[in-house]
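Here's the letter readout for the chains.
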Amino acid sequence: MSATEASPAEKGVMQIESFIGFAKRNGGLIALIAIILFNIAFTPNFLHPQTFFVNISQVATIAVVAVGMTLVIATGGIDLSVGAVMALAGALAPLIFTSSFAEAYPMLGLAAAFVVPVLVALLCGLFNGSLVSFLNVQPIIATLILFISGRGIAQVLTNGNLQTFSHKGFSYLGTGKILGLPFQGWLVIAIACLIWWLVHRSLFGRYLLAIGGNETAARLAGAPVRRVKIGAYVLCAGLAGIAGLIVVAINSASDAARIGNLMELDAIAAAVVGGALLQGGRAPIFGAILGAIIIQLVKYTLLANGVADEVALVAKAGIIIAAVYLQQGRKE
Amino acid sequence: MLDQSAFDLRRYLTGNAQTTGVFVALIALILFGLLRYENFGSAYNIASFLNYNAMFILISIGMCFVIMTGGIDLSVGSVAAFTSVVAAYLSPYGIEVALPGGILAGAAIGLLNGFFVVAMRIPPFIATLATMLGAKGGALIISGAQTVSIDWTSNFTKLGMEKAFGIFPWAIVIVALVAVILWVVLEHTSLGRTVLAIGGSEDASKLMGLNVNRAKFFVYVLSGGCAGLAGVFLASGFGAGQPLEGIGWELSAIASVVVGGTLLTGGLGSVPATIAGALLLGLVFNILNFENGRGTISLSAYWQMVIRGAFLFIVILLQSRMSGPVASPKEN
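Rules and cut-offs
Residues numbered from 1 in each chain as written. Chains lettered and ligands numbered in written order. Predicted model: local features only at pLDDT ≥ 70, side-chain atom pairs only at ≥ 80, totals over all residues. Heavy atoms only, no water. UniProt positions renumbered as here; feature names shortened; annotations may be inferred. Helix = DSSP H or I, 4+ residues; strand = E, 2+ residues; numbered from the N terminus. Contact = heavy atoms within 4.5 Å. Areas by Shrake-Rupley, 256 points an atom, 1.4 Å probe, with all protein chains shown as cover. Rg over C-alpha atoms; globule rule 2.2 N^0.38 Å. Buried < 20%, exposed > 50% of the residue type's maximum accessible area, 1.4 Å probe, protein only. Axes fitted to C-alpha atoms, helices over the stretch in contact; angles between N-to-C directions. Parallel < 35°, antiparallel > 145°, perpendicular 65-115°, else oblique. Left-handed = near helix turned anticlockwise from the far one by under 90°. pLDDT = per-residue confidence, 0-100. Buried area = accessible area lost by both parts, 1.4 Å probe. Salt bridge = Lys/Arg side-chain N within 4 Å of Asp/Glu carboxyl O. Polar contact = N/O pair within 3.5 Å; in protein donor to acceptor, adjacent residues only side chain to side chain. Nonpolar A, V, L, I, M, F, W, Y, C, P; charged D, E, K, R; others polar. Core = buried A, V, L, I, M, F, W, Y, C linked by side-chain atoms within 4.5 Å. Phe/Tyr/Trp six-rings, centres within 6.5 Å; stacked < 30°, edge-to-face > 60°.

- Chain B appears in an unreviewed UniProt entry as Permease component of ribose/xylose/arabinose/galactoside ABC-type transporter from Nitratireductor basaltis.
- Recorded under Subcellular location (unreviewed entry), the UniProt text for chain B is reproduced unchanged: "Cell membrane".

- Chain A carries the name Sugar ABC transporter permease in an unreviewed UniProt entry, which gives Nitratireductor basaltis as its organism.

Things to note about the overall build of chain B
- Looking only at helices and strands, one finds 14 helices and four strands in chain B.
- Taking as baseline every contact in chain B between residues at least 6 positions apart, the subset at least 24 positions apart corresponds to 76%.
- Here chain B displays about 13900 Å² of accessible surface, and carbon together with sulfur accounts for 67% of that area.

Considering the overall build of chain A
- What chain A contains, in helices and strands, is 15 helices and four strands.
- Relative to the globule expectation of 20 Å for 332 residues, the C-alpha radius of gyration of chain A, 22 Å, shows essentially globular dimensions.
- Out of the 332 residues belonging to chain A, those deemed buried represent 53%.
- Within chain A, contacts between residues separated by at least 24 positions form 77% of all contacts whose residues are at least 6 apart in sequence.
- As presented, chain A carries roughly 14700 Å² of accessible surface, and 68% of it is formed by carbon and sulfur atoms.

Considerations on the UniProt feature "transmembrane region" (unreviewed entry) in chain A
All names here are of chain A.
- In the numbering used here, UniProt assigns the feature "transmembrane region" (unreviewed entry) to residues 28–46, 52–73, 80–102, 108–128, 140–158, 178–199, 230–253 and 310–326.
- The straight-line gap between the two end C-alpha atoms of residues 52–73 is 30 Å; of that span, 100% is helix and 0% is strand.
- Taken end to end, residues 178–199 is 77% helix and 14% strand, and its two terminal C-alpha atoms sit 27 Å from one another.

Topic: the packing of helix α13 (residues 263–273) of chain A against helix α6 (residues 124–143) of chain B
- Interhelical geometry of α13(A) versus α6(B) gives an angle of 125° and a closest axis separation of 12 Å. Taken together, the axis directions place α13(A) and α6(B) in an arrangement best described as oblique. Considering the relative orientation of α13(A) and α6(B), their crossing is left-handed. Contacts between α13(A) and α6(B) involve A:L265, A:I268 and A:V272 from the former and B:F125, B:I126, B:L129, B:M132 and B:L133 from the latter.

Details of the UniProt feature "transmembrane region" (unreviewed entry) in chain B
- When the UniProt feature table is mapped to this numbering, "transmembrane region" (unreviewed entry) covers residues 12–37, 49–67, 97–118, 125–145, 165–186, 217–240, 271–289 and 301–318 of chain B.
- Secondary structure content for residues 271–289 of chain B is 100% helix and 0% strand, and the end C-alpha separation is 27 Å.

Some remarks on the confidence of the model for chain B
All names here are of chain B.
- Of all residues in chain B, 88% have pLDDT values of 70 or greater, and the mean over the chain is 83.
- Mean pLDDT values for the elements of chain B range from 50 in helix α1 (residues 9–14) up to 94 in helix α4 (residues 76–90).
- Low pLDDT, under 50, characterises residues 1–7; the stretch is placed with twelve contacts to residues that sit more than four places away or in other chains.
- Interface scoring of the predicted complex returns ipTM 0.78; its pTM is 0.82.

Notes on the interface of chain A and chain B
- If you look at the interface, chain A gives 46 residues, while chain B gives 44 residues.
- Between chain A and chain B lies a buried interface of about 4100 Å² when both sides are counted; carbon and sulfur atoms form 78% of it.
- If you sort the residues of chain A by the area they bury against chain B, A:Q138, A:I148 and A:I321 come out on top, with a joint share of 14%.
- Taken together, chain A and chain B are joined by zero salt bridges.
- In this assembly, chain A and chain B are joined by zero residue pairs in polar contact (both at pLDDT 80 or more).
- Taken together, the residues of the side of chain A that touches chain B sort by class into 26 nonpolar, 14 polar and six charged.

With respect to the nonpolar core
- Formed by 193 residues in total, the largest nonpolar core has its most connected members in A:F170, A:I268, B:F65, B:F125, B:I126, B:F233 and B:I254.
- Residue contributions to this core peak at 14 residues, all from helix α3 (residues 43–68) of chain B.
- Beyond its immediate sequence surroundings of up to four residues, A:I268 is in contact with A:M69, A:I78, A:L80, B:F125, B:I126 and B:L129.
- In terms of nonpolar packing, the next biggest core, distinct from the first, is built from twelve residues, A:L32, A:I35, A:L290 and A:A323 among them.

A word on the packing of aromatic side chains
- The tally for this structure, following the rule as stated, stands at 18 aromatic pairs over all chains.
- Arranged with centres 4.8 Å apart and planes meeting at 75°, the rings of A:F97 and A:F165 form a pair that is edge-to-face. In this pair, A:F97 sits in helix α4 (residues 82–97) while A:F165 sits in the loop between β1 (162–164) and α8 (168–175), placing the two residues 68 residues apart along the sequence. The residues A:F97 and A:F165 share a single accessibility class, namely buried.
- Judged by centre distance (6.3 Å) and plane angle (55°), the rings of B:F115 and B:F116 are tilted.

Overview of the pattern of salt bridges
- The final tally for this structure, using the stated rule, is six salt bridges over all chains.
- Put simply, A:D266 and A:K299 hold a salt bridge, and the shortest N to O gap is 3.5 Å. With A:D266 in helix α13 and A:K299 in helix α14 (residues 285–304), the pair connects residues that are 33 residues apart, well separated along the chain.
- When the shortest N-O distance is used, the salt bridge between B:K206 and B:E202 registers 3.7 Å. On the criterion of helical spacing, the pair formed by B:K206 and B:E202 is a turn pair, its members being four residues apart in helix α10 (residues 202–207).
- Residue classification places B:K206 among the partly exposed positions, given a relative accessible area of 46%.
- The network of salt bridges with shared partners includes A:E215, A:R219 and A:K229.

Put into structure tokens, the structure is as follows:
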């Protein structure tokens, strides 16, 4: 009799315990829901579709870069050059589709404006990855080189000028819609699914996580450590290149001095808030997207409620510390 | 390194292939400049070069101590901007208040870094990233994102404008004093030995009974204080508090430390080699300016960024050649 009566109570305790466990495991999700509820209650026009679209278009670039950063962080590395790579890709695209070649062959020119900048970005990743893998240069230093000079190269290419343009085909990347939702949003979902598949279902992903967990053990087990590490940097830089194209397409203008400025910090913060460990070994791709959304929404919430930009910086700092502190607690 | 008891110049020049490289490169670059440019060795050029680089030398030395423990301090640039504003607001009370006020404000942020790293066990990269955002936000909030002008009748501006004993700007004298003190602290005190030991192996240092936490607090407070003093120089040199300055300073400081032969994994480092590294990076710019002044080449600021990155790349290549492949930081 006692057994049958105790079981609902036990069930209740178990439910509470599993809820606490759920809360710890999904702190990001709960924070996101809290922010959304707060906005619905207090921020004027939050549920207006226009607000939704603005947030999607701003979060898309952070999210794309954060997914790539998550891959590099999973190897125990870091990529400081993503903002500079964005600037480089973003400066190249208008140079290509406004060239005389593109005027002569519009379709080819448009295709080249998408492909060439991304190829250049991939080369940047190859450079970073080779320094890290073959010369054993520490990732911060290896990516510092392009952080310093990448934006300089972009400014040399454009003479430091602001390039403005109106090009319907190219701007689709920034302003196009599918089923009424911004194209960039769909692009982020597609990229996230693809990279998630790569991390969790492919051999590359298995090696990636193994290397981040313990590089020596992975090497001894026969993982192609160098190739996989280079792959992570190449993918990260390629995604940064795509993000650079998106920014330029949204603005219909390209300013090499501003594209991707401080993006490396937003991307690292999003990856860490999303559950990536800086020591490596974990690659929560959808966590990175969640982190990007949280950071974007906090920024939006503060600005929409009249809090100054500067204070938003301090708030971002607080979020980063809180997220990492909770992670530390979870590990122990 | 640990049982060094007397000054030995030869040890600095031959003891370690990586520190040798920076001194050789520095001497070669100075000789090149002396032979090629008439005014290179003039008292004016030397004094203005050192005066401008005093801030970078300071934050590089502070960064060197943090990196020796295996940490990193990304907040130094923002801290300098923040303390330049603090010093500007304190300048009406005279240099007696503004100088210690600026240093204390920087040290306070360093204390916060130490708290995050030691007490909350947040990785240094993230902890100092957060205080970087916080200090930047703080500088913008208290200054209203405007430069804070300093009254020219205040004796505070003497610090940046006037010369000690009629020869060298005060900033250089103070930096030289700080450098000598910290050199002695590193090489001849138990605190300095603990700092080096932590970078070698934190666990072993703890087992040996060294006060690891105290030493870690010390390096972050020191780095914050150095950045605070750099901010005071910034304000007095430009005659205004500069809330928007300091962007990228942390990366030049890291570059100086690495060029000075210190590994980011810690356990190794030298104050003179770090200063040489900072001077070397500064000298590349000085020589580029001379080339521009001669009219032989015309390099825009953009090209200078590219060349600076390329120079860093060459130094890294040379270092990895000289020392052979270094142990990967992730061999755990």
